[in-house]
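# Close look at the chain arrangement
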Amino acid sequence: HAAPSGGPSVEDWFPLLSRRKDGPWLAHRLDADTACCLVIALRRTPLLAAQTAQGVRGHVAEIGVFEGRFFIALALCAQPGERAIATDVFTWPDEGVAERFLANCRSAGVNRDIVVVQKAATQNLTREAYRQAAGGPIRFLHIDGAHNYDGVLHDLQLAKAVLHPQGVICLDDVLHPRYPALTIA
């Protein structure tokens, strides 16, 4: 997202921020353009760390990974034996987005062995197909896929099929004024 004044955005600074000695910084601005985007700072978010401390085990996943900024933070929080599942059509805004996603994962130090890339439109996935791709319960799922009522409702149904009983679903743009259907779903 461009900065409100038209200048550089947080994403423009991502390559510099992700090379910090104490871990990657991944963030979105919290402003009128990106209402309710989540800020993730340094290696572990408190919520994922709390799940780990409570013994909640399961994979992490994102629907709608784009170039991977949120996904990278999730993957870096994965514990031994956990996988990070990335589901996206990987065609928007162009066919090169999948390569940029993988390059961003590499540059951030994501262990490629734990990453499961599922190139698919979630509307074409059944609950069983998503459950198979996950390979076990998901403890944290970020949904940033289709921004329409039917798409979000379907993504939530997929999430319900794989979510750990103590799992968390995080919806992107849920209170954004341009996407009221997300809140309704």
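Structure: see above.
Residues numbered from 1 in each chain as written. Predicted model: local features only at pLDDT ≥ 70, side-chain atom pairs only at ≥ 80, totals over all residues. Heavy atoms only, no water.

### A few points about the environment of tyrosine 130
Note the following rule: Each helix is a run of H or I in the DSSP string that is no shorter than four residues. Each strand is a run of E no shorter than two, and both are numbered from the N terminus. Exposure is judged per residue with a 1.4 Å probe applied to protein chains only, and the accessible area is read against the type maximum: over 50% gives exposed, under 20% gives buried, and values in between give partly exposed.
Along the chain, the position of tyrosine 130 falls in helix 5 (residues 127–134). Judged by its relative accessible area of 1%, tyrosine 130 is buried. Separated by 31 residues in the primary sequence, tyrosine 130 and alanine 161 place their C-alpha atoms 8.0 Å from one another.

### Overview of the pairing of strand 3 (residues 115–119)
Short version of the rule: Here, a strand pair is defined by DSSP locating no fewer than two bridges between the strands. Throughout, right-handed denotes a crossover for which the path from the first strand over the helix to the second runs clockwise when the strands point away from the viewer.
Note that strand 2 (residues 84–88) and strand 3 share five bridges and pair parallel. Across the sheet, the residue bridging to isoleucine 85 is valine 116, located in strand 3. The handedness of the strand 2 to strand 3 crossover, carried by helix 4 (residues 97–107), is right-handed.

### Some remarks on the packing of aromatic side chains
Condition: Each aromatic pair joins two rings of Phe, Tyr and Trp (for Trp, the six-membered one) with centres within 6.5 Å, and gets the label stacked for planes under 30 degrees apart, edge-to-face for over 60, and tilted for any other angle.
Tallied over the full model, the rule gives four aromatic pairs. Ring centres 6.4 Å apart and planes at 25° place the aromatic pair phenylalanine 70 and phenylalanine 140 in the stacked group. Here phenylalanine 70 is found in helix 3 (residues 69–77), whereas its partner phenylalanine 140 is found in strand 4 (residues 138–143), with 70 residues between them in sequence. Both residues of the pair, phenylalanine 70 and phenylalanine 140, count as buried. By way of ring pairs, the aromatic residues Phe71, Phe90 and Phe101 are connected into one cluster.

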